[in-house]
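Residue-level structural notes
Residue-level listing of the chains:
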Amino acid sequence: MAITDTGKTRHFLDLSAFDAATLRLILDHAAQLKAERKSGEFRPLLANKKLAMIFEKNSTRTRVSFEVAMMDLGGHALPFNSNELQIGRGETVADTARVLSRYVDAIMLRCHSHDKLLELAKNAGVPVINGLTEYSHPCQIIADILTFEEHVGPIAGKTIAWIGDGNNVAQSWIMAAALFGCKLRLACPPKLNPLPEVVEWAKSRGGDIELMTSPEKAVAGADAVITDTWVSMGDVHAEAQIKMLASYQVNAALMKKASPSAVFLHCLPAHRGEEVTEDVIDGPQSRVFDEAENRLHVQKAILLWCLAKI
Ligand code: CP
Ligand code: NVA
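This report concerns the structure included in the present document. (Residues numbered from 1 in each chain as written. Chains lettered and ligands numbered in written order. Predicted model: local features only at pLDDT ≥ 70, side-chain atom pairs only at ≥ 80, totals over all residues. Heavy atoms only, no water.)

**Some points on the packing of helix 1 (residues 20-38) against helix 12 (residues 288-306)**
The test is simple: Helix axes are fitted to C-alpha atoms over the stretch in contact, other axes to C-alpha atoms as well, and angles between N-to-C directions run from 0 to 180 degrees. We count a stretch as a helix when DSSP gives it H or I for four or more residues in a row; a strand needs E for two or more, and each element gets its number in order from the N terminus. If an angle is under 35 degrees, it is roughly parallel; if it is over 145, roughly antiparallel; if it lies from 65 to 115, roughly perpendicular; otherwise it is oblique. Handedness of each helix crossing follows the sense of rotation of the near helix against the far helix: counterclockwise by less than a right angle gives left-handed, clockwise gives right-handed. We call two residues in contact when some of their heavy atoms are within 4.5 Å. All amino acids are sorted into three groups, where Ala, Val, Leu, Ile, Met, Phe, Trp, Tyr, Cys and Pro are nonpolar, Asp, Glu, Lys and Arg are charged, and the leftover types, Gly among them, are polar.
The N-to-C vectors of helix 1 and helix 12 enclose an angle of 120°; their axes lie 8 Å apart at closest approach. Relative to helix 12, the element helix 1 lies oblique. Crossing angle aside, the handedness with which helix 1 passes helix 12 is right-handed. Note on element contacts: helix 12 touches helix 1 through Glu 293, Asn 294, Leu 296, His 297, Val 298, Lys 300, Ala 301, Ile 302, Leu 304 and Trp 305, opposite Thr 22, Leu 25, Ile 26, His 29, Ala 30, Leu 33, Lys 34, Arg 37 and Lys 38. In the contact of helix 1 with helix 12, the residues fall into 10 nonpolar, four polar and five charged.

**Describing the site of ligand 1**
Stated formally: Summary of the distance rule: residues count as near a molecule or strand when at least one heavy atom falls within 4 Å of that molecule or strand. In the analysis that follows, any N or O atom pair within 3.5 Å is treated as a polar contact, provided that within protein one partner can donate a hydrogen and the other can accept it, and provided that, for residues neighboring in sequence, both atoms belong to side chains. To measure how exposed things are, a 1.4 Å probe is used in the Shrake-Rupley method; for residues, cover is taken only from the protein chains shown. Here a cavity denotes a set of grid points, spaced 1 Å apart and computed over the protein atoms alone, in which a 1.4 Å probe fits but from which it cannot get out, and a pocket denotes an open set meeting protein on both sides within 12 Å along at least five of seven lines; residues with an atom within 4 Å of a point are reported as lining. More than half of a molecule's atoms lying within 2 Å of a cavity's or pocket's grid points is what places that molecule inside it.
In the vicinity of ligand 1, the residues found are Ser 59, Thr 60, Arg 61, Thr 62, Arg 110, His 137, Gln 140, Cys 267, Leu 268 and Arg 295. Residue Arg 61 places a main-chain N or O atom 2.8 Å away from an oxygen atom belonging to ligand 1. Take Cys 267: an N or O atom from its main chain is 2.9 Å from a nitrogen atom of ligand 1. About the coverage of ligand 1: the protein hides 96% of its 260 Å² of free accessible area. Judged by its atoms lying within 2 Å of the grid points, ligand 1 is housed in the largest pocket. Broken down by class, the residue content of the shell around ligand 1 amounts to two nonpolar, five polar and three charged.

**With respect to helix 7 (residues 196-204)**
Basically, it comes down to this: Three labels apply to residues, based on accessible area from a 1.4 Å probe with only protein chains included: buried if under 20% of the type maximum, exposed if over 50%, partly exposed otherwise in between. Directions drawn from the helix axis to the C-beta atoms are what define this arc.
Val 198, Val 199, Trp 201 and Ala 202 are the residues of helix 7 that are buried. Around the axis of helix 7, the buried residues are gathered within 160° of arc, so they sit on the same side. Residues Glu 200 and Ser 204 are exposed on helix 7 and point more than 90 degrees away from its buried face. Among the structural elements, helix 6 (168-180) and strand 7 (208-212) are those in contact with the buried residues of helix 7. Just downstream of helix 7 lies Gly 206, where phi reads positive at about 85°.

**Remarks on the layout of surface pockets**
Inclusion rule: Grid points are joined across faces, edges and corners, and a volume is the space filled by probe spheres set on the points.
By volume, the largest pocket amounts to about 730 Å³. Lining of the largest pocket is provided by 39 residues; of these, Asn 167, Asn 168, Ser 232, Met 233 and Asp 235 occupy positions nearest its centre. The dominant element in the lining of the largest pocket, judged by the number of residues it contributes, is helix 6, at three residues. Within this model, the second largest pocket holds a volume of roughly 170 Å³. The wall of the second largest pocket is formed by Ala 52, Leu 78, Phe 80, Leu 85, Gln 86, Ile 87, Glu 91, Thr 96, Val 99, Leu 100, Tyr 103 and Val 104. Only strand 2 (76-81) and helix 3 (93-103) provide two or more residues apiece to the lining of the second largest pocket. Considered class by class, the residues forming the lining of the second largest pocket number nine nonpolar, two polar and one charged.

**Considering the sheet that holds strand 5 (residues 159-163)**
Basically, it comes down to this: Pairs of strands are assigned from DSSP output, requiring at least two bridges between the strands.
Strand order in this open sheet of five strands is 7-6-5-8-9, and the pairing throughout is parallel. What marks the edges here is a single partner per strand, and that holds for strand 7 and strand 9 (263-266). Taken over all neighbouring pairs, the strand axes of this sheet differ in orientation by 20° on average, direction set aside. Pairing of strand 5 with strand 8 (residues 224-227), which is carried by four bridges, proceeds in the parallel orientation.

The structure is reproduced here in structure tokens:
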């Protein structure tokens, strides 16, 4: 898997294709749009714009936040399960990209294979947004950083602990750590480590990334503790993964080892009693519902960037 190169069209495929200043611009706009929405202000910045959304996998937050984002901005979103489109019965990704580009202004895809996303972007005449692949979940991490900075402060120089599966969300966090200048410690069972090329890319950009096996070591003094489901959508070795991850639960004892002001983040959906205990995810350090809300404000800023409005 090659690190994504976005090229000229304003695709939002992976954080690795961005410079820190552009991501900061997106974050600043997200914060501004959040404040405007809270005060009841809605500017039709995407009037008449249309976003097609294709889902090969389930979604609550990504689907609803993008749809509401387009509504709030005066545009329109068209959500599809991939099975109801001809792509679900064999029409090529390239033809789907060419056809949809004649109708809509941007396309969001949630799919298994990252190569499919890249193929769509290669053939689309409009911006393509990564709504999650097995490789990465960049929209999520921008919302995570917005949430972290609202509650803890500027992320540069802070320590983030990732506990569990070195999955798509972890890989986007690795890319973000290199761009935002935070330390990222990942405690994963060796067989579930993130892809070496992602870690190497981040390190080559000066990223302070440390892989380890001990959750206790990873969270020691950390400013945020983050985890995700032990079994991601499309994972085929569920039972083996659950066994490997049994000692990677974020519980109260583990949270105690982090900084007293640390926040707990999780992209959701969560499995209470597996990767996180109820007392942590529903406890005072958890910011998971702010994090989910921030998906909405961030999607708006991403859409505005893709459509060259910022
Ligand atoms: N966090 C996230 O992407 O949630 P959904 O799967 O509900 O979209
Ligand atoms: N890692 C999870 C994230 C869900 C939002 C998955 O891919 O299923």
